[in-house]
2 protein chains.
Amino acid sequence: MESMSTTHDRSAVLAALTARLGAERVTSDVADLLVYASDGSTLHDATPAGVVFPESTAEVVDIVTTCAAHGVPFVARGSGTGLSGGAMALDGGIVVALNRLRRILDVDVPNRCARVQPGVANLAISRAVEHHGLHYAPDPSSQAVCSIGGNVAHNSGGPHTLKNGVTVNHVLGLQIVLSDGTLVDVGGPERPGYDLAALITGSEGTFGIVTEVTVKLSPLPEGVRTAIAAFATIDDASHAVTSVIAGGLMPAALEMLDRVVVAALEAAFGLTFPPGAAALLLLECDGPEDGLDDEISRAVDICREHGALEVRLARDDNERAALWTARKKAFGALGRIARNYCTQDGVIPRTKLPEMLRRVGEIADRHRLRVANVFHAGDGNLHPCILFDDRDADERARVVSAGREILDVCLELGGSLSGEHGIGIEKREAMARMFAEDDLAVMRALREALDPLGLCNPHKVLPGGSRCVELGPGGKQVHA
Amino acid sequence: MESMSTTHDRSAVLAALTARLGAERVTSDVADLLVYASDGSTLHDATPAGVVFPESTAEVVDIVTTCAAHGVPFVARGSGTGLSGGAMALDGGIVVALNRLRRILDVDVPNRCARVQPGVANLAISRAVEHHGLHYAPDPSSQAVCSIGGNVAHNSGGPHTLKNGVTVNHVLGLQIVLSDGTLVDVGGPERPGYDLAALITGSEGTFGIVTEVTVKLSPLPEGVRTAIAAFATIDDASHAVTSVIAGGLMPAALEMLDRVVVAALEAAFGLTFPPGAAALLLLECDGPEDGLDDEISRAVDICREHGALEVRLARDDNERAALWTARKKAFGALGRIARNYCTQDGVIPRTKLPEMLRRVGEIADRHRLRVANVFHAGDGNLHPCILFDDRDADERARVVSAGREILDVCLELGGSLSGEHGIGIEKREAMARMFAEDDLAVMRALREALDPLGLCNPHKVLPGGSRCVELGPGGKQVHA
């Protein structure tokens, strides 16, 4: 069922919540709303009817119940670092900002788990338990600020996904407020019955608002070895990746940067790489200290066999941090050479890397665009960054076309249209290119079973029909 | 909605299928049905209306469509090794025996995955890829015969779950026939949209019949070290387990056997243990060869610090196999000292092991029963085996009561009523003791969304209401 709320309904919700929570925790001020009209994605924005700041689970239940009573849609928002428009309120919905729900409720060291509120920053969990030799393993690039609730919504990965898996592999349980205000506790794979934690993880808020997350804590690796290899071609680097994995090694991270990024890093930060370097491969191994030197040197040997121009191996933590600088500053460096960039997120089988990168280059050439590649090579998760100038409408249109073509090649090569950035607004129509109608119908049936009124983050994730809204020029949403 | 099929409906289904598949692939012969009236569980049986043997996915679709047209329920069955009655057909349903769907359809070595039919035995996958240095990691004790489809249905674990995780961590995609005959492909966490593979894994056939499974293949560990430690008390062994984990070690397996099992192994197979041994702890570490000796010796040292009477370390593969004999023959040994045993399956936080085992002992004493404990200590997954004589109705009743009390203690200690054997018939009512009504309502809503006619393995997993059938004396099902 489609939400049919009116301006009157939205005002009634905001008035009721203001009365109960106080004016300082409900806003519909135009300047405030601007902050919540966009997220980390570049091609969309949408102004909510209002923003509410709950400070307890009970208040989230109250907010949801009030929205439901008036048929007003709502969407939870964490730190707003999402890259696919998932936290934008369409249909003039209400943004439920969870930043104040940021307490670590419980840490159980012997059983290695922690129960936290959704607004806690990813890295804050690891900081809170590091003195016990533990950490929360998934490490999205935005981990210093992105919220664990947002990680759950998008099933986030990171550079160490190759070894550690994605968010769902580290979620033991969730508490969620459904669209009718029911508060439900769901378990992960260690609990019997249906694995609702896995269903909800990655569902981008379309089943309700998560109010508590129980995460698995993992031992900090005893040792870490990091190296960067420079190659003359992206093909050489890609073949090295395939050989490292085929050789039975299981690096913690295998990150690749292409020549556009190399040039940007040299220009922006004065980093130096061997002459002719057109691809960098960052390799990291971790685990028990014994055997690590052997493991990284086997990986380094494989890089040399594939023609590495130079390999730098970090000898201590400072050198390790220096090697990571290239990877971590890559996006910042791109900011120096282009006014805007649009980060794509697609997945291909690892063995198709050389072909995929060649075709990304062809697509870029055909659309007269520059593309920089920064990606998780080990698990075939690409992040082609299309560089552009937002003020150039024609260039902007070419970015959208090129992005679509890149995803189509991912699908053609047997991959996926999203690795870790979610579907959100950006790729909901693309879902119909990846999945058969029957496959999508199952997802729709499950969504309607849990959210029959269609109030939980409507118009996201699934394509088609009345759930799709028009986006106007510049990605602005057109609504009454 | 409840299935209301009649004898006439069932006969019509069997006649239609016989006409299309041939008489040799459809049976309702009483002697044949006896084989399919029970599984590996001891307290239940139920006679199906008939058994059908499809040889292709298209035939599964045909069978399901035919059942749906007549409102007749159906249940998929693999090797029948399930321990909770999950593969029994209630309501006079049809058993869809998937044993002939046992082809390995595709092995992709570079991308480390395989697509297999559901009737393939778990171990057959590993055998097929071992020459590539790969294996399918989850290893239930019945892995030589149990089917991968059954593993998916129950989200099976095994002795190496501690390090490798359960089935859902190794399922990349599924093909499933829904109750209306729709054939759907669903992806795992690496695909966008809802993680339906995780929802379906562990759902015990209540969403449809899985016809293809894409599994992750993992590198065979380069090296393995195995040791057995004997302790004078189960408390000492339990504390050793907690210390090994707290020490930052991540053994591949940590299996425990109690004094009843030790005595049974000595009596049955002439295995010898140190005098006074009342608990055995089997420890296994695997991974890159370098560092393994250090890892196992640290674990052995921890056992000694906790008073181990003796520690035996395998020096080669033969000695390793000999150490595993104690674990693998444990259930067989119990068969020599009791006519029947009923294996319980509960989970507790690892730190509660000593308290839990003490309370299992108290429950056994109160009910005048002998209980043998064989279990996955590392992940707190207990398998207390209650020994009894099936011919003694009073003892049988005490087994049921003791089993219920054991599970209640698991829940009281913050654990779960099932680790890996599923809910099936056995524990569906217990679900209401573990989950709040709202939590169960969500599961029910999802089930009804995908199976509105209630034909997929009805009366399993969820408790209560009209979905529950009466079980007569001896567990025989009472139906028209």
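Cut-off values and rules
- Residues numbered from 1 in each chain as written.
- Chains lettered and ligands numbered in written order.
- Predicted model: local features only at pLDDT ≥ 70, side-chain atom pairs only at ≥ 80, totals over all residues.
- Heavy atoms only, no water.
- Least-squares fit on C-alpha atoms with pLDDT ≥ 70 in both.
- Contact = heavy atoms within 4.5 Å.
- Salt bridge = Lys/Arg side-chain N within 4 Å of Asp/Glu carboxyl O.
- Helix = DSSP H or I, 4+ residues; strand = E, 2+ residues; numbered from the N terminus.
- Phe/Tyr/Trp six-rings, centres within 6.5 Å; stacked < 30°, edge-to-face > 60°.
- Buried < 20%, exposed > 50% of the residue type's maximum accessible area, 1.4 Å probe, protein only.
- Expected span 1.5 Å × (residues − 1).
- Pairing = 2+ DSSP bridges.
- Polar contact = N/O pair within 3.5 Å; in protein donor to acceptor, adjacent residues only side chain to side chain.
- Axes fitted to C-alpha atoms, helices over the stretch in contact; angles between N-to-C directions.
- Parallel < 35°, antiparallel > 145°, perpendicular 65-115°, else oblique.
- Left-handed = near helix turned anticlockwise from the far one by under 90°.
- Nonpolar A, V, L, I, M, F, W, Y, C, P; charged D, E, K, R; others polar.
- Buried area = accessible area lost by both parts, 1.4 Å probe.
- Domains from an automatic or database assignment.

1. Structural notes on the relation of the copies chain B and chain A
Right, on to step 1. After a rotation of 180° and a shift along the axis of 0.0 Å, chain B superposes on chain A with an RMSD of 0.0 Å. The transformation just described matches what one would write down for a two-fold rotation axis.
Right, on to step 2. Both copies present the same face, since 100% of the interface residues in chain B are matched by interface residues at the equivalent positions in chain A.

2. Looking at the pattern of salt bridges
Right, on to step 1. If you walk through the whole model with that rule in mind, you get 50 salt bridges over all chains.
Right, on to step 2. For Arg225(A), the salt bridge is made with Glu289(A), and the minimal N-O distance between the two is 2.2 Å. Of this pair, Arg225(A) sits in strand β12 (residues 223-231) while Glu289(A) sits in the loop between β14 (279-287) and α10 (292-305); the two residues are 64 residues apart in sequence, bridging distant segments of the chain.
Right, on to step 3. Taking the shortest distance from any N to any O, the salt bridge between Asp408(B) and Arg404(B) comes out at 3.8 Å. You can see Asp408(B) and its partner Arg404(B) sitting in helix α14 (residues 393-412), four residues apart, about one turn around the helix.

3. Brief notes about the packing of aromatic side chains
Right, on to step 1. One pass over the structure, following the stated rule, counts six aromatic pairs over all chains.
Right, on to step 2. Between Tyr194(A) and Phe207(B), the ring centres sit 4.7 Å apart and the planes meet at 35°, which makes this aromatic pair tilted. Note that Tyr194(A) is positioned in the loop between β9 (183-187) and α7 (196-200) and Phe207(B) in the loop between α7 (196-200) and β10 (209-216), a pairing that runs across two chains. For the pair Tyr194(A) and Phe207(B), a shared accessibility class is recorded, and that class is buried.
Right, on to step 3. An angle of 75° between the planes, with centres 6.1 Å apart, marks the rings of Tyr36(B) and Phe53(B) as edge-to-face. Placement of the pair is Tyr36(B) in the loop between α2 (30-35) and β2 (50-52) and Phe53(B) in the loop between β2 and α3 (57-70), with a sequence separation of 17 residues.

4. Describing helix α13 (residues 353-366) of chain B
All names here are of chain B.
Right, on to step 1. In this model, α13 (14 residues) spans 20 Å end to end at C-alpha, consistent with the 20 Å of a helix rising 1.5 Å per residue.
Right, on to step 2. In this fold, the buried residues of α13 make contact with α8 (234-246), β13 (253-258), β18 (370-376), β19 (381-382), β20 (384-388) and α14.
Right, on to step 3. Two residues or fewer after α13 comes Arg368, characterised by a positive phi angle close to 50°.

5. Some words on the pairing of strand β20 (residues 384-388) of chain A
All names here are of chain A.
Right, on to step 1. Judged by how many residues are buried, β20 sits mostly within the fold: five of five residues are covered.
Right, on to step 2. Taking every second residue as pointing to the same face, both faces of β20 are buried, with Pro384, Ile386 and Phe388 on one and Cys385 and Leu387 on the other.
Right, on to step 3. Pairing of strand β16 (residues 340-343) with β20, which is carried by four bridges, proceeds in the antiparallel orientation. Opposite Cys342, over in β20, you have Ile386 as the bridge partner.
Right, on to step 4. Note: strand β18 (residues 370-376) against β20, four bridges, orientation antiparallel.

6. Considerations on the side chain of His170(A)
All names here are of chain A.
Right, on to step 1. You can see His170 is positioned in the loop between α6 (161-164) and β8 (171-177).
Right, on to step 2. Reaching out from His170, the side chain makes a polar contact with the backbone oxygen of Asn164 at a distance of 2.6 Å.
Right, on to step 3. Beyond its immediate stretch of four places on either side in the chain, His170 contacts Tyr136, Ala137, Pro138, Asn164, Gly165, Thr214, Val215, Lys216 and Ser218.

7. Digging into the packing of α13(B) against α14(B)
All names here are of chain B.
Right, on to step 1. Running from N to C, α13 and α14 point in directions that differ by 155°, and their axes come no closer than 10 Å. By the criterion of interaxial angle, the relationship of α13 to α14 is roughly antiparallel. Two packed elements cross with a definite hand, and for α13 against α14 that hand is right-handed. From α13, Met356, Arg359, Val360, Ile363 and Arg366 reach across to α14, where they touch Ala402, Glu405, Ile406, Val409, Cys410 and Glu412.
Right, on to step 2. Classifying every residue of the contact of α13 with α14 by side-chain character gives seven nonpolar, no polar and four charged.

8. Here we look at the interface of chain B and chain A
Right, on to step 1. Contacts between chain B and chain A engage 56 residues on the former and 56 residues on the latter.
Right, on to step 2. Buried area between chain B and chain A, both sides added, is near 4500 Å², and the carbon and sulfur share of it is 62%.
Right, on to step 3. Connecting chain B to chain A are two salt bridges.
Right, on to step 4. Elements supplying a minimum of two residues to the side of chain B that touches chain A: β9 (183-187), α7, α8, α10 (292-305), α15 (431-434) and α16 (437-450) of chain B.
Right, on to step 5. With nine residues, α16(B) is the single largest residue contributor to the side of chain B that touches chain A.
Right, on to step 6. Each residue belonging to the side of chain B that touches chain A can be placed in one class, and the counts come to 30 nonpolar, 13 polar and 13 charged.

9. Examining the environment of Val75(A)
All names here are of chain A.
Right, on to step 1. Relative to the elements of secondary structure, Val75 occurs in strand β3 (residues 74-77).
Right, on to step 2. According to the relative accessible area criterion, Val75 is buried, its value standing at 3%.
Right, on to step 3. Distance in space between the C-alpha atoms of Val75 and Gly287 is 39 Å, their sequence separation being 212 residues.
Right, on to step 4. When residues no more than four places from it in sequence are discounted, the contact partners of Val75 are Gly86, Ala87, Met88, Ala89, Ile94, Val95, Val96 and Asn457.

10. Topic: helix α8 (residues 234-246) of chain A
Residues and elements named next belong to chain A.
Right, on to step 1. Taking 1.5 Å of rise per residue, 13 residues should cover 18 Å, and α8 covers 18 Å from first to last C-alpha, within 8% of that figure.
Right, on to step 2. The inward-facing, buried residues of α8 contact α6, β12, β13 (253-258), β14, α10 and α13 (353-366).
Right, on to step 3. The positive-phi residue at the C-terminal boundary of α8 is Gly248, with phi of around 85°.

11. Considerations on the environment of Thr325(A)
All names here are of chain A.
Right, on to step 1. Mapped onto the elements of the fold, Thr325 is located in helix α11 (residues 317-328).
Right, on to step 2. Thr325 sits in the partly exposed class, given a relative accessible area of 23%.
Right, on to step 3. Linking Thr325 and His44, residues 281 residues apart in sequence, is a C-alpha distance of 30 Å.
Right, on to step 4. At a separation of 3.0 Å, a polar atom in the side chain of Thr325 contacts the main-chain carbonyl oxygen of Ala321.

12. Concerning the domain arrangement of chain A
All names here are of chain A.
Right, on to step 1. With domains assigned, chain A is organised as domain 1 (7-99), domain 2 (104-219), domain 3 (223-333) and domain 4 (338-423).
Right, on to step 2. Centre-to-centre separation of domain 3 and domain 4, based on C-alpha positions: 22 Å.
Right, on to step 3. Counting residues at the interface gives 17 residues for domain 3, matched by 18 residues for domain 4.
Right, on to step 4. Each partner contributes to the roughly 1500 Å² buried at the junction of domain 3 and domain 4, and carbon and sulfur atoms together form 67% of this total.
Right, on to step 5. In terms of surface lost to domain 4, no three residues of domain 3 exceed Met256, Val260 and Phe331, which account for 35% of the buried area on that side.
Right, on to step 6. For the interface between domain 3 and domain 4, the tally reads one salt bridge.
Right, on to step 7. For Arg358, the salt bridge goes to Asp235, with nearest N and O atoms at 4.0 Å.
Right, on to step 8. For the pair domain 3 and domain 4, the interface holds five residue pairs in polar contact (both at pLDDT 80 or more).

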